[in-house]
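Residues per chain are reported as follows:
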Amino acid sequence: MTDLAWIDAALTAARPQALGALLRYFRDLDAAEEAFQEACLRALGNWPRKGPPRDPAAWLILVGRNAAIDQVRHRARQQPLPPDELISDLEDSEAAMAERLDGSHYRDDILRLLFICCHPGLPATQQIALALRIVSGLPVRRIARAFLVGESAMEQRITRAKARIAGADVPFEAPGPVERAERLAAVSAMIYLVFNEGYSAAGETPRRAPLCDEAIRLARLLLRLFPAEPEIMGLTALLLLQHARTPARFDAAGAVVLLEDQDRALWNREMIAEGLALIDKAMRHRRTGPYQVQAAVAALHARASRPEETDWAQIDRLYATLERLQPSPVVTLNRAVAVAKTRGPEVALALIEPLESRLSGYFHFFGVKGALLMQLGRADDARCALDRAIALANTAAEAAHIRQHLDRLVPDTDP
Amino acid sequence: MKGPEMLYAILCYDSEDVVCSWTKEQDDAAMARLGAVQRKLAAEGRLGPVARLLPTTAATTVRKGAEPLVIDGPFAETKEQLLGFYIVECETLDQAIETAGDLARASSSSGAYELRPLAVFRPGDLGA
């Protein structure tokens, strides 16, 4: 690897920590970002000559902070100067800073940064955009491309999000245990949103797939901050196990390939290994949560070398647990797929029929219903359900997939 | 005729924060360069097992005691973690240092290689 590639990776790795600390110092997102940018520029000039610093994050925080202070001095000469010891001896300060950063500051800074991005006052799309911009440091151009909007529209969206946060009462103090747990849940949800944004469009817009990688990076970061939190292990495992299937989810023509038809040799073994290790670890804690249960389902699929070996009875039980933890018609719908395998399509159909009014706008509901009706040989009803599924499809690939099912029905009705 | 066989574990330590931040391209490039060194060692008949470890967040520790204690971790409080290792046959420490130097030049991130002579080695039988 070249120097530059290493520096680039080091800057990316240090970004959440450095930006988080600068935000604690300046209490303003724009100021923190500017200071970080300046520090990165200086790193590019300095590190190739002097070698990498002992602690890149500490170096960036110190240099970013001093650069911002210098700027203030330039703008207003009458401003009182910062204490000399802050800027005079970089080496010693860096060591002292690194010492302090090893502690809880580090964790709180990053958590605060993540939490600010998923501020409850922001709509989900702005949360995602802000997290990708601020925490991940993706250029606005790339975020805009991922969301299929123009660069200036995305710039505006991010600016509005920042303004909203500046106007809101964002706590900058270290959170207490209850608040920390709440923040953790909000941050986990935001990371899952980023992932789903990339996952749902993977076939249609391959450019969004990097969002999945980015979500996994953020989940791993969160797990490093909370290495004994089973739900964070579960979340990371879930993302890894789902993303591992990406190479097999679409055929060469971009059409959806169902889980049971996927070529499992294409699944990413490395991601599966990490996901399985994490979910196994999480389960030992005996503190079940929704991400763990979903990861456990994904793990059962990953462990089956052929679809016939899938432990559907266990998946049925896991979805029953999820229904208890996080009741939702979508969870019941997923459970019905497992029930169809273990107890037949009739039982499964009875399970989902009461959900129709609540899922009347949901593509997958009519897809599952149509498939169950087909298995029961009720071709006309199946056609009706599948037609509705097509009308509700989110992507062309989804619609094309349902059309295939419909095509199989044709000979029954139109000889 | 070869001299007395001496096996070294070449343990790779690096910052997980940095290595986990590599893009796939960066990771592939690093692995390709290390692969070239490995092929040279293999051609000389000196390369034993090679292992890359998952991050420490995937690790579990069993502490020895009357009743073994299972804990998560090791928690990565230190700057550098054990990321993987090679078993390489080296006749002298100098040769081991030279080999680790080849690997170091190929990876050129800021970590370290620790050279530890093996006391016991059972190659095992995991297949290819």
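What you see is a predicted model, and the numbers here were worked out from it, not measured in a lab.

### What about the packing of helix α9 (residues 177–200) of chain A against helix α11 (residues 230–243) of chain A?
Residue and element names in this part refer to chain A.
- Axis separation between α9 and α11 bottoms out at 11 Å; the angle between their running directions is 5°. The pairing of α9 with α11 is recorded here as roughly parallel in orientation. When α9 is examined against α11, the residues Leu 184, Ser 188, Ile 191, Tyr 192, Phe 195 and Tyr 199 are found in contact with a partner set consisting of Ile 232, Leu 235, Leu 238, Leu 239, Gln 242 and His 243.
- By residue class, the composition of the contact of α9 with α11 is nine nonpolar, three polar and no charged.

### A few points about the nonpolar core
All names here are of chain A.
- Trp 47, Leu 60, Ile 191, Leu 222 and Leu 239 are the most contacted members of the largest nonpolar core, which totals 113 residues.
- The leading source of residues in this core is helix α1 (residues 3–26), at twelve residues.
- When near neighbours in sequence (up to four residues on either side) are disregarded, Leu 222 contacts Leu 111, Leu 114, Leu 184, Val 187, Ser 188, Ile 191 and Ile 232.
- Formed by 25 residues, the second largest nonpolar core is a distinct cluster that contains Ala 348, Leu 355, Leu 372 and Ala 385.

### Some remarks on the environment of Arg49(A)
- Looking at the secondary structure, you find Arg49(A) in helix α2 (residues 29–50).
- Along the chain, Arg49(A) and Arg145(A) lie 96 residues apart, while their C-alpha atoms are 36 Å from each other.

### With respect to the sheet that holds strand β2 (residues 47–52) of chain B
Residues and elements named next belong to chain B.
- Read from one edge of the open sheet, four strands run β2-β5-β1-β6, paired in antiparallel fashion. Strands at the two margins of the open sheet, each flanked by one partner only, are β2 and β6 (112–117). Across the sheet, the mean angle from the axis of one strand to that of its neighbour is 20°, orientation sign disregarded.
- With six bridges joining them, strand β1 (residues 7–14) and β6 adopt antiparallel strand pairing. Residue pairing across strands places Ala 9 opposite Arg 116, the latter belonging to β6.
- Contacts from helix α3 (residues 93–107) reach β1, β5 (81–89) and β6, with the element oriented near 155° to β6.

### Examining the side chain of Lys369(A)
All names here are of chain A.
- Inspection of the secondary structure assignment puts Lys 369 in helix α17 (residues 363–375).
- On the basis of relative accessible area, Lys 369 is assigned to the buried category, the value being 15%.
- With residues up to four places along the chain from it excluded, the contact list for Lys 369 reads Leu 349, Ile 352, Glu 356 and Ala 385.

### Brief notes about the interface of chain A and chain B
- Every contact between the two is made by 27 residues of chain A and, on the other side, 30 residues of chain B.
- Carbon and sulfur atoms make up 54% of the surface buried where chain A meets chain B, a total of about 2,300 Å² over both sides.
- In this structure, the connection of chain A to chain B is made through three salt bridges.
- Ionic pairing is found between Lys281(A) and Asp72(B), a salt bridge with its closest N-O pair at 4.0 Å.

### Quick notes on the packing of aromatic side chains
Residues and elements named next belong to chain A.
- All chains considered together, the criterion is met by five aromatic pairs over all chains.
- When the ring of Tyr 25 is compared with that of Phe 26, the centres are 5.0 Å apart and the planes differ by 80°; the resulting orientation is edge-to-face.
- Owing to a relative accessible area of 24%, Phe 26 belongs among the partly exposed residues under this scheme.
- Between Phe 365 and Phe 366, the ring centres sit 5.0 Å apart and the planes meet at 90°, which makes this aromatic pair edge-to-face. The pair formed by Phe 365 and Phe 366 is uniform in burial state, with each residue classed as buried.
- The cationic tip of Arg 65 hangs over the ring face of Tyr 25; the distance from NZ or CZ to the ring centre is 4.5 Å.
- Geometry around Trp 267 places Arg 245 over its ring, the cationic atom sitting 5.9 Å from the centre.

### Comments concerning the environment of Ile216(A)
Residue and element names in this part refer to chain A.
- Tracing the sequence through the fold places Ile 216 in helix α10 (residues 209–225).
- With relative accessibility at 5%, the residue Ile 216 sits in the buried group.
- Spatially, the C-alpha atoms of Ile 216 and Leu 238 are 9.5 Å apart, while their sequence positions differ by 22 residues.
- Excluding its chain neighbours within four sequence positions, the residues that come into contact with Ile 216 are Phe 195, Leu 239, Leu 240 and His 243.

### Structural notes on the pattern of salt bridges
- A full pass over the atoms with the stated rule returns 29 salt bridges over all chains.
- Here Glu214(A) makes a salt bridge to Arg217(A), at a shortest N to O gap of 3.1 Å. In this pair, Glu214(A) and Arg217(A) are both assigned in helix α10, three residues apart and thus about one turn of the helix distant. Accessibility classification places Glu214(A) together with Arg217(A) in one group, the buried group.
- With its nearest N and O atoms 3.9 Å apart, the salt bridge here joins Glu44(B) to Lys40(B).
- According to the relative accessible area criterion, Lys40(B) is partly exposed, its value standing at 44%.
- Sharing partners across several salt bridges, the network here consists of Arg15(A), Asp30(A), Glu33(A), Arg133(A) and Lys162(A).

### Brief notes about α17(A)
Residue and element names in this part refer to chain A.
- Along its 13 residues, α17 runs 19 Å from first to last C-alpha, staying within 8% of the 18 Å computed at 1.5 Å per residue.
- If you check which residues of α17 are buried, you get Phe 363, Phe 365, Phe 366, Gly 367, Val 368, Lys 369, Gly 370, Leu 372 and Leu 373.
- One or two positions beyond α17, positive phi appears at Gly 377, with a value near 75°.

### A word on helix α2 (residues 24–43) of chain B
- Taking 1.5 Å per residue, 20 residues should reach 28 Å; α2(B) reaches 28 Å between its end C-alpha atoms and fits that length.
- Buried residues of α2(B): Gln26(B), Asp27(B), Ala30(B), Leu34(B), Gly35(B), Val37(B) and Leu41(B), and no others.
- Buried positions along α2(B) lie against α1 of chain A together with β2, β5, α3 and β6 of chain B.
- Within two residues after α2(B), Gly45(B) carries a phi angle of roughly 70°, on the positive side.

### With respect to the pairing of β5(B)
Residue and element names in this part refer to chain B.
- Of all nine residues that make up β5, seven are buried, and the element is covered over most of its length.
- Direction of pairing for β1 relative to β5: antiparallel, over a ladder of eight bridges. Counted as the bridge partner of Cys 12 is Gly 84 from β5.
- The pairing of β2 with β5 spans four bridges and is classified as antiparallel.

Cut-offs used in this document
- Residues numbered from 1 in each chain as written.
- Chains lettered and ligands numbered in written order.
- Predicted model: local features only at pLDDT ≥ 70, side-chain atom pairs only at ≥ 80, totals over all residues.
- Heavy atoms only, no water.
- Axes fitted to C-alpha atoms, helices over the stretch in contact; angles between N-to-C directions.
- Helix = DSSP H or I, 4+ residues; strand = E, 2+ residues; numbered from the N terminus.
- Parallel < 35°, antiparallel > 145°, perpendicular 65-115°, else oblique.
- Contact = heavy atoms within 4.5 Å.
- Nonpolar A, V, L, I, M, F, W, Y, C, P; charged D, E, K, R; others polar.
- Core = buried A, V, L, I, M, F, W, Y, C linked by side-chain atoms within 4.5 Å.
- Buried < 20%, exposed > 50% of the residue type's maximum accessible area, 1.4 Å probe, protein only.
- Pairing = 2+ DSSP bridges.
- Buried area = accessible area lost by both parts, 1.4 Å probe.
- Salt bridge = Lys/Arg side-chain N within 4 Å of Asp/Glu carboxyl O.
- Phe/Tyr/Trp six-rings, centres within 6.5 Å; stacked < 30°, edge-to-face > 60°.
- Lys NZ or Arg CZ within 6 Å of the ring centre and 35° of its normal.
- Expected span 1.5 Å × (residues − 1).

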